[in-house]
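So the chains spell out like this:
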Amino acid sequence: KKVKPFFDIPVTYNSKVKNWIRYYQGAGRGWFKKRLERSYKYLPNMKWVLKERGLPQDLAYIAMIESGFSPHAESHAEAVGYWQFIKPTAQRYGLKVDWWIDERRDYIKSTKAAANYLGDLYKMFDSWYLTASAYNMGENRLKRLIRRHKTNNFWHLSDENDFPKETREYIPKLLAALLISKAPGLYGFKNIEPHGPMKYDYIFVPGGTDLFNMAAFLQVNNSSLKRLNPELLQGFVPGFVRSHRIR
């Protein structure tokens, strides 16, 4: 019988990873616990999308450190949603971003786009640490650094002065999140209250459908319908589309 590996990306345990584990156990504990509890709601589907694309399922933890699994996360660089896509990259990978709809806020659509992007990055760099680094800083900047320093070892590269500070911490942060999430009790996270997985049906609705009126018609809570469809920025389907699939 084949034993399923506990991790499907390489795991390095060094002083940098240890520092992040200590941070999550100490000053960042409340923040991390919240993300950990929320992860149960999204990880099963995100991992399934990655597996379907033939990618390591542990890459789903990128969404944990990028956005804390929040559709409303926005960075100073105008990266938005679960996987923190900037608009040009989102559109390059087929996500719709306009005044009405922002598919970066849909956890399935954005995970599919992220999986395609990560797959492309892996073809370029042939290393999961460099793939995640390029996801964070951009592939062209990473290519330049690899050429300049003549190494494609993440740990050696990240020691260089011109390596971006945020990306230097990105891999240790990801590995620390991964280690704790797989065995929370081992790291002192004992009273975890996991959020249940999302339950919904998909239906197609015509253009112009208003979520508020629809909630009243279906006799469901308006805010829960909005929560299921965060990609609909204005709370309704634009009138110029024939139909749109909602949860």
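Before reading further, recall that the structure is shown in the block above.
Counting restarts for each chain: residues are numbered from 1 in the order of the written sequence. Selection of residues for local features in this predicted model requires a pLDDT of at least 70, selection of side-chain atom pairs for listing and counting requires 80 or more, and totals for whole chains, interfaces and linings are taken over all residues. Values shown for side chains rest on all heavy atoms present in the structure; no hydrogens or waters enter the calculation.

### A few points about the overall build of the protein
Which entries qualify depends on this criterion: Put simply, DSSP H or I for four residues or longer makes a helix, DSSP E for two residues or longer makes a strand, and each gets a number counted from the N terminus. C-alpha atoms define the radius of gyration in this analysis, and the globule rule sets the expected value at 2.2 Å times the number of residues to the power 0.38. For every residue, the accessible area (1.4 Å probe, protein chains only) is compared with the maximum for its type, and the residue is labelled buried under 20%, exposed over 50%, or partly exposed between those bounds. The contact criterion used throughout is that any non-hydrogen atoms of two residues lie within 4.5 Å. Working definition of accessibility: Shrake-Rupley area with a 1.4 Å probe, residue cover restricted to the visible protein chains. In this tally, Asp and Glu contribute negative charge and Lys and Arg positive charge; neither His nor the terminal groups of the chain are included. Throughout, a charge is located at the NZ atom of Lys, the CZ atom of Arg, the CG atom of Asp or the CD atom of Glu.
Each helix and strand in the protein was counted, giving 11 helices and 2 strands. Helices and strands appear in the protein in the N-to-C order α-α-α-α-α-α-α-α-α-β-α-α-β. For 247 residues, the compact-globule estimate of 2.2 N^0.38 gives 18 Å, and the C-alpha radius of gyration of the protein, at 19 Å, lies within 12% of that figure. For the C-alpha atoms alone, the extent of the protein along its principal axes is close to 60 × 40 × 40 Å. Considering the protein as a whole, with its 247 residues, one finds that 49% of them fall into the buried category. Long-range pairs, those at least 24 residues apart, make up 62% of the contacts in the protein between residues at least 6 apart in sequence. Just so you have it, the protein exposes about 13200 Å², and 52% of that area is on carbon and sulfur atoms. Across the protein, the centroid of the 40 positively charged side chains sits 4 Å from that of the 23 negatively charged ones.

### Here we look at the packing of aromatic side chains
Selection rule: Aromatic rings from Phe, Tyr and Trp, with only the six-membered ring used for Trp, were paired whenever their centres fell within 6.5 Å, and each pair was classed as stacked if the ring planes differed by under 30 degrees, edge-to-face if by over 60, and tilted otherwise. As a reminder, the over-ring test applies to NZ of lysine and CZ of arginine, requiring each to be within 6 Å of the ring centre and within 35 degrees of the ring normal.
Taken as a whole and judged by the stated rule, the model has 25 aromatic pairs. Ring centres of Phe6 and Phe7 lie 5.0 Å apart, and the angle between their planes is 80°; on these two criteria the pair is classed as edge-to-face. Look at Phe7 and you get partly exposed, because its relative accessible area is 23%. Put simply, the rings of Trp20, Tyr23, Tyr24, Trp31, Phe32 and Phe189 touch in pairs and so form one group of aromatic residues. When the ring centre of Phe189 is taken as origin, the NZ or CZ atom of Arg29, which lies over that ring, is 4.4 Å away. Looking at Arg245, its charged tip hangs above the ring of Tyr202, at a distance of 3.6 Å from the centre.

### Considering helix 10 (residues 211–218)
Working note: α-helix, 3.6 residues per turn, so residues spaced by three or four point in the same direction. So the rule is basically this: Relevant arc is that of directions from the helix axis to the C-beta atoms, nothing else. Polar contacts here mean pairs of N or O atoms no more than 3.5 Å apart (in protein, one a potential hydrogen donor and the other a potential acceptor; neighbouring residues in sequence count only if both atoms are side-chain atoms).
Residues Leu211, Met214 and Ala215 constitute the buried set of helix 10. The buried residues of helix 10 occupy an angular sector of 100° when the element is viewed end-on, so they sit on one face. Residues of helix 10 that are exposed and point over 90 degrees away from its buried face: Phe212, Ala216 and Phe217. As for helix 10, its buried residues are in contact with strand 1 (203–206), helix 11 (222–228) and strand 2 (243–246). In this structure Asp210 caps helix 10, since a side-chain oxygen of it lies 2.7 Å from the backbone nitrogen of Phe212. Looking one or two residues beyond helix 10, the residue adopting positive phi is Gln219, at roughly 55°.

What is shown is where atoms sit, not what they do.
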